[in-house]
Amino acid sequence: MEKAFTEALEYIRKQYKGTPEIGIILGTGLGRLTKEIEEEKIIPYNFIPHFPISTVESHFGRLIFGKIGDKQVVAMQGRFHYYEGYSMQEITFPVRILKLLGVKTLFISNAAGGMNKSYQKGDLMILDDHINLQTHNPLIGPNLSSFGPRFPDMSEPYDQKLIQKALDIAKEKNYRVHKGVYVAVTGPNLETRAEYRFLHRIGGDVVGMSTVPEVIVARHMGIRTFAVSVITDMCDPDNLVPVTLDELLEAANEAEPKMTYILSRLIKELD
Ligand code: HPA
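Residues numbered from 1 in each chain as written. Predicted model: local features only at pLDDT ≥ 70, side-chain atom pairs only at ≥ 80, totals over all residues. Heavy atoms only, no water.

J.: Can you help me understand the environment of Asn 110 in this one?
T.: If you trace the backbone, Asn 110 turns up in strand β5 (residues 105–114). When the C-alpha positions of Asn 110 and Ala 184 are compared, they lie 11 Å apart, and in sequence the two are 74 residues distant. Here Thr 211 takes part through its side chain, which lies 2.8 Å from a polar atom of the side chain of Asn 110. (Helix = DSSP H or I, 4+ residues; strand = E, 2+ residues; numbered from the N terminus. Polar contact = N/O pair within 3.5 Å; in protein donor to acceptor, adjacent residues only side chain to side chain.)

J.: Even after reading the chapter, I still don't get the site of the ligand, so can you show me in this structure?
T.: Taken together, Ala 111, Ala 112, Gly 113, Leu 190, Glu 191, Tyr 196, Val 207, Gly 208, Met 209, Thr 232, Asp 233 and Cys 235 make up all the residues around the ligand. One of the backbone N or O atoms of Gly 113 is found 3.3 Å from a nitrogen atom in the ligand. One of the side-chain nitrogen or oxygen atoms of Asp 233 is found 2.7 Å away from a nitrogen atom of the ligand. Listed by contribution, the elements that provide at least two residues to the shell around the ligand are β5, β8 (206–208) and β9 (224–234). (Near = heavy atom within 4 Å.)

J.: What am I meant to see in the pattern of salt bridges here?
T.: Close approach of charged atoms allows side chains with opposite charge to pair. Applying the stated criterion across every chain, the model contains 10 salt bridges. Ionic pairing is found between Asp 70 and Lys 71, a salt bridge with its closest N-O pair at 3.5 Å. Of the charged contacts, one joins Asp 238 and Arg 197 as a salt bridge, the two residues approaching to 3.3 Å between their closest N and O atoms. A residue pair is termed long-range when its members are at least 10 positions apart, and Asp 238 in the loop between β9 and α6 (245–268) and Arg 197 in helix α4 (residues 193–201) qualify at 41 residues. (Salt bridge = Lys/Arg side-chain N within 4 Å of Asp/Glu carboxyl O.)

J.: Is there a simple way to think about the nonpolar core in this case?
T.: For soluble globular proteins, the rule of thumb is that nonpolar side chains tend to be buried together. Core analysis: the biggest nonpolar cluster contains 76 residues, and Ile 24, Leu 63, Phe 107, Phe 226 and Ile 262 have the highest contact counts within it. By size, the runner-up hydrophobic cluster in this structure holds 8 residues, among which are Val 185, Leu 199, Val 207 and Met 209. (Core = buried A, V, L, I, M, F, W, Y, C linked by side-chain atoms within 4.5 Å. Buried < 20%, exposed > 50% of the residue type's maximum accessible area, 1.4 Å probe, protein only.)

J.: Which parts of the structure should I look at to understand the environment of Lys 173?
T.: Here Lys 173 shows up in helix α3 (residues 160–173). Distance from Lys 173 to Ile 262, taken between C-alpha atoms, is 9.3 Å for residues 89 residues apart in sequence.

J.: Explain a negative patch on the surface here, please?
T.: Together, Asp 246, Glu 247, Glu 250 and Glu 254 make up a negatively charged patch on the protein surface. Inspection of the secondary structure assignment puts Asp 246 in helix α6. Accessibility expressed as a relative area gives 60% for Asp 246, which makes it exposed. (Patch = residues over 30% accessible without salt bridge, like charges linked within 9 Å, V, L, I, M, F, W, Y side chains within 5 Å. Areas by Shrake-Rupley, 256 points an atom, 1.4 Å probe, with all protein chains shown as cover. Lys, Arg positive; Asp, Glu negative; His and termini not counted. Charge placed at Lys NZ, Arg CZ, Asp CG, Glu CD.)

Spelled out as structure tokens, the structure:
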């Protein structure tokens, strides 16, 4: 195994002895889930050898270890995006570390633009599948065979049992939650009208700038994954209006309680 992984792992192990089986990437819409965690240890990313450091203001950078219900979890507060200038290896480095710490199931949230006309701003969409249009893949390069195969399967990137369970919870609560396809682009600019038209036509229900690299690496290592998007803006090419970061964050804030509820139930009731 590469030295960087071993050194990061050794550092964390010295600080924290538990074995989290659940990993959470607290992207947009999941900030409040930290309140559900009974904290045992917090480690800032900049203390961990080889860990990238978050540059986006709205994201922190630390690992939170603790419990949700009786489940041992590790949450990444702060994630990395390709548009920040990190390599795909840097973006996914923490996911490799989560695996080495014992994580078997990974929950991820993100913000996305809605292209499916039946969606509304503030809705949630559970990822059933994705289309990767980012220009680089985190698995390019020598295969780390101790982690997984050269040509990992992607026939079911998102766990169908977890998807069904999340949809059941949403139905019970009367939340507007869809199941659909996430298209990953690099950003950082939002799309042109012609691009939204294209991304919708090729099968995308929403578009966003994260998640897929982490999912690819998680699936490479056989981690079960679940991801959910909060629709922060609607992207109708025929009625496109400029959006500001504040508007995106406002929509994300509004959806946060729903996202937090679904995720904490899923985690507490995980087999
Ligand atoms: N495009 C890409 N990423 C996004 C969008 C969008 O319209 N909205 C929120 N994240």
